[in-house]
Amino acid sequence: FLMGGFSLFNVDLRDVKSPEEMAKRLADYAQKIPKGQWILGGNWDHEKWPGAPLPTRQMIDAVTPDNPVFIRRHDGHMALANSVAIKLSGVARDTKDPDGGVIVRDVKGELTGILKDSAENLIRVPPRSAAEKLEAARAATNYAAKLGVTSLTDLSADGDVGMYQGMVERGEMKTRIYAVRT
């Protein structure tokens with residue numbers, strides 16, 4: 001539920017048709033958010049681009065110099081991080097590939113910014129604040145109501161159940177949620 005709410009605020013790259021369009025979309029998005037705020041989301045598919053080149057950190061660094069970027073490919077098996085996110089996460093040229101993952105490097109051994117499978121876990125995106133979670137939950141319940149969704153099961157609610165209960169008490173929750181704590 002919250003992931004869906006956050007996706008409403010993240011950059012959406014599903015329909016991007018070229019690396020240049022990706023860079024432009026990220027540049028436009030970066031202009032609208034505070035410096036230092038992470039740019040997340042993505043859902044890009046480079047196989048829709050002419051020649052199907054993988055994106056690189058070099059193609060987005062110039063347009064996102066003040067914001068860490070960590071955007072996922074639509075299938076979840078690959079992500080792109082810019083130089084800011086890579087540096088903040090302590091990933092370097094000599095970082096070893098983790099079991100089950102690959103840090104993609106160019107022919108000179110430099111990081112391209114592409115991380116595959118378990119290597120995605122090397123980028124340390126800070127946890128969301130309580131205020132950010134509440135904003136995402138409000139967006140999610142409003143979006144669900146707009147689509148006519150009245151109830152759902154949230155198998156990842158864990159510590160968010162109290163927030164949902166508070167929203168119910170304040171009359172903000174428009175969706176009945178069966179929330180599961182693990």
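Overview of the structure.

1. Quick look at helix α2 (residues 19-31)
Argument step 1. Spanning 13 residues, α2 covers 19 Å between terminal C-alpha atoms, matching the ideal 18 Å at 1.5 Å per step.
Argument step 2. Burial in α2 covers these residues: Pro19, Met22, Ala23, Leu26, Ala27, Tyr29 and Ala30. End-on, the buried residues of α2 take up no more than an arc of 165°, which puts them together on one face. When the buried face of α2 is taken as reference, the exposed residues oriented beyond 90 degrees from it are Glu20, Lys24 and Gln31.

2. Here's the deal with the pairing of strand β2 (residues 39-44)
Argument step 1. Strand direction decides the pairing type here: strand β1 (residues 11-12) and β2, joined by 2 bridges, are parallel. Each residue of the ladder has a partner; that of Asp12, found in β2, is Gly42.
Argument step 2. Between the parallel pair β1 and β2, the chain is carried across by α2, and the sense of this crossover is right-handed.
Argument step 3. By the bridge criterion, 5 bridges tie β2 to strand β3 (residues 69-73) in an arrangement that is parallel. In the strand pairing of β3, Leu40 is matched with Phe70.

3. Observations regarding the packing of aromatic side chains
Argument step 1. Going through the model one piece at a time under the given rule, you end up with 1 aromatic pair.
Argument step 2. Centre to centre, the rings of Phe1 and Tyr164 are 5.6 Å apart; their planes meet at 85°, and the pair counts as edge-to-face. Placement of Phe1 in the segment before α1 (2-7) and of Tyr164 in helix α6 (residues 161-169) is noted, with a sequence separation of 163 residues between them. Here Phe1 and Tyr164 have matching classes, each one buried.
Argument step 3. Against the face of Phe6 rests Arg128, its NZ or CZ located 3.9 Å from the ring centre.

4. Some words on the layout of surface pockets
Argument step 1. Of the voids in this model, the largest pocket is the one considered here, and its volume is about 830 Å³.
Argument step 2. As for the largest pocket, its lining consists of 29 residues, of which Met3, Phe6, Ser7, Asn10 and Arg128 are closest to the centre.
Argument step 3. Elements with a minimum of two residues in the lining of the largest pocket: α1, β1, β2 and β3.
Argument step 4. A total of 5 residues in the lining of the largest pocket trace back to one element, the largest contributor, which is α1.
Argument step 5. Residue composition of the lining of the largest pocket, grouped by class: 14 nonpolar, 7 polar and 8 charged.
Argument step 6. Its volume calculated, the second largest pocket comes out at about 320 Å³.
Argument step 7. Lining the second largest pocket we find 14 residues, and of these Phe6, Gln37, Trp38, Arg128 and Glu132 sit closest to its centre.
Argument step 8. Counted by class, the lining of the second largest pocket contains 9 nonpolar, 2 polar and 3 charged residues.

5. What about the environment of Val102?
Argument step 1. The residue Val102 is located in strand β5 (residues 101-105) in this model.
Argument step 2. With relative accessibility at 36%, the residue Val102 sits in the partly exposed group.
Argument step 3. Once the C-alpha coordinates of Val102 and Ile177 are considered, the two residues, 75 residues apart in sequence, prove to be 38 Å apart.
Argument step 4. Those residues in contact with Val102 that sit more than four places away from it in its chain are Asp97, Ile114, Leu115, Lys116 and Ala119.

6. Brief notes about α6
Argument step 1. Turning to α6, its buried residues number three or more, namely Val161, Met163, Tyr164, Gly166 and Met167.
Argument step 2. The inward-facing, buried residues of α6 abut α1, α5 (130-146), β7 (151-154) and β8 (176-179).
Argument step 3. Looking at the residues trailing α6, positive phi occurs at Gly171, about 75°.

7. Section: the packing of α5 against α6
Argument step 1. Where α5 meets α6, the axes come as close as 11 Å, and the angle between the chain directions of the two elements is 60°. Classified by the angle their axes make, α5 and α6 are oblique. Read as a crossing pair, α5 and α6 show a hand that is right-handed. On α6, the residues that touch Lys133, Leu134, Ala137, Arg138 and Thr141 of α5 are Met163, Tyr164 and Met167.

What counts and what doesn't
Residues numbered from 1 in each chain as written. Predicted model: local features only at pLDDT ≥ 70, side-chain atom pairs only at ≥ 80, totals over all residues. Heavy atoms only, no water. Helix = DSSP H or I, 4+ residues; strand = E, 2+ residues; numbered from the N terminus. Expected span 1.5 Å × (residues − 1). Buried < 20%, exposed > 50% of the residue type's maximum accessible area, 1.4 Å probe, protein only. Arc of directions from axis to C-beta. Pairing = 2+ DSSP bridges. Right-handed = clockwise from strand over helix to strand, strands pointing away. Phe/Tyr/Trp six-rings, centres within 6.5 Å; stacked < 30°, edge-to-face > 60°. Lys NZ or Arg CZ within 6 Å of the ring centre and 35° of its normal. 1 Å grid on protein atoms, 1.4 Å probe; cavity = no way out; pocket = protein on both sides within 12 Å on 5 of 7 lines; lining within 4 Å. Points joined across faces, edges and corners; volume = space filled by probe spheres on them. Nonpolar A, V, L, I, M, F, W, Y, C, P; charged D, E, K, R; others polar. Contact = heavy atoms within 4.5 Å. Axes fitted to C-alpha atoms, helices over the stretch in contact; angles between N-to-C directions. Parallel < 35°, antiparallel > 145°, perpendicular 65-115°, else oblique. Left-handed = near helix turned anticlockwise from the far one by under 90°.

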